[in-house]
Amino acid sequence: MKLPIIRQFYQNQTPEQLNTALEVLESFCEFRSVKEEELDVVGEMITNICGALEVHNEVSNGLSEKDALNAFAQKVMGSIDK
């Protein structure tokens, strides 16, 4: 998870575009010939896209961009600590 990338995705892509990219990446992961290193990179991309989607959702619910980004980061960090 990289907040600068999430911010960039949030600012430059619509939720529809992000969902389309997410579908493609998830489909890519299902190919048998995908290597472990490639899965790691795709997993990171999926996390960043999901973060951007969550930021879009939180901002549409009235949160500021900064607060939405921080809330997502705290949620991820909280799940790692458990």
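Residues numbered from 1 in each chain as written. Predicted model: local features only at pLDDT ≥ 70, side-chain atom pairs only at ≥ 80, totals over all residues. Heavy atoms only, no water.

(A) Here's a closer look at the overall build of the protein. Counting its secondary structure elements, the protein contains 4 helices and 0 strands. Across the protein, helices and strands are ordered from the amino to the carboxyl terminus as α-α-α-α. Along the longest, intermediate and shortest principal axes, the C-alpha atoms of the protein span 45 × 30 × 15 Å. Within the protein, the proportion of its 82 residues that are buried is 26%. Within the protein, residue pairs in contact and separated by at least 24 positions form 71% of the contacts whose partners lie at least 6 positions apart. (Helix = DSSP H or I, 4+ residues; strand = E, 2+ residues; numbered from the N terminus. Buried < 20%, exposed > 50% of the residue type's maximum accessible area, 1.4 Å probe, protein only. Contact = heavy atoms within 4.5 Å.)

(B) Region of the structure containing helix α1 (residues 3–12). Inspection of α1 places I6, F9 and Y10 among the buried residues, and these make up the whole buried set. Buried residues of α1 fall within an arc of 100° about the axis and therefore sit on the same side. (Arc of directions from axis to C-beta.)

(C) Structural view of a negative patch on the surface. A cluster of like negative charges, contributed by E36, E37, E38 and D40, occupies part of the molecular surface. Mapped onto the elements of the fold, E36 is located in helix α3 (residues 36–60). (Patch = residues over 30% accessible without salt bridge, like charges linked within 9 Å, V, L, I, M, F, W, Y side chains within 5 Å. Areas by Shrake-Rupley, 256 points an atom, 1.4 Å probe, with all protein chains shown as cover. Salt bridge = Lys/Arg side-chain N within 4 Å of Asp/Glu carboxyl O. Lys, Arg positive; Asp, Glu negative; His and termini not counted. Charge placed at Lys NZ, Arg CZ, Asp CG, Glu CD.)

(D) Structural view of the environment of H56. Mapped onto the elements of the fold, H56 is located in helix α3. Along the sequence, H56 and Q11 sit 45 residues apart, while their C-alpha atoms lie 9.0 Å from each other.

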